[in-house]
Amino acid sequence: MKRFLRQWLRSQSKMLLRIYVPVIVTVLYGMLQFYRLPDSGMLSVGFVYLCVYIFVVYKFRKL
């Protein structure tokens, strides 16, 4: 039972890191970008999201 719970917790933490970290970083960057440069496009926000997502998946792929 302990092994199952440990494995379940590990898989849930991996999913949390892969999904929520890039979303939170992108939202914060988007808010900063909108506050500082409201006329710029959202392309940079999408690019930052892809970069953060790739970094998180690469960094935490062996949890």
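The structure we're discussing is the one just above.
Cut-offs applied
- Residues numbered from 1 in each chain as written.
- Predicted model: local features only at pLDDT ≥ 70, side-chain atom pairs only at ≥ 80, totals over all residues.
- Heavy atoms only, no water.
- Helix = DSSP H or I, 4+ residues; strand = E, 2+ residues; numbered from the N terminus.
- Contact = heavy atoms within 4.5 Å.
- Expected span 1.5 Å × (residues − 1).
- Buried < 20%, exposed > 50% of the residue type's maximum accessible area, 1.4 Å probe, protein only.
- Arc of directions from axis to C-beta.

1. A few points about the side chain of Gln33
Along the polypeptide, Gln33 turns up in helix 1 (residues 2-36). Residue contacts for Gln33: discarding those within four places in its chain leaves Pro38, Ser40, Ser44 and Val45.

2. Side note on the side chain of Thr26
Inspection of the secondary structure assignment puts Thr26 in helix 1. Once you skip the residues sitting within four places of it in the chain, Thr26 turns out to touch Val45 and Tyr49.

3. Points about helix 2 (residues 43-59)
Residues spaced three or four apart along an α-helix face the same direction, because each turn holds 3.6 residues. For helix 2, with 17 residues, the first-to-last C-alpha span of 24 Å sits near the 24 Å given by 1.5 Å per residue. Restricting attention to buried positions, one finds in helix 2 the residues Val45, Val48, Val52 and Val56. Within helix 2, the buried residues cover an arc of 65° as seen down the axis, which keeps them to one side. In helix 2, the exposed positions that point more than 90 degrees away from the buried face belong to Leu43, Phe47, Ile54 and Tyr58. As for helix 2, its buried residues are in contact with helix 1.

4. Quick word on the environment of Lys14
With respect to the helices and strands, Lys14 occurs in helix 1. Taking the relative accessible area as the measure of exposure, Lys14 reaches 25% and is therefore partly exposed. Residues Lys14 and Phe60, 46 residues apart in the sequence, show an inter-C-alpha distance of 7.4 Å.

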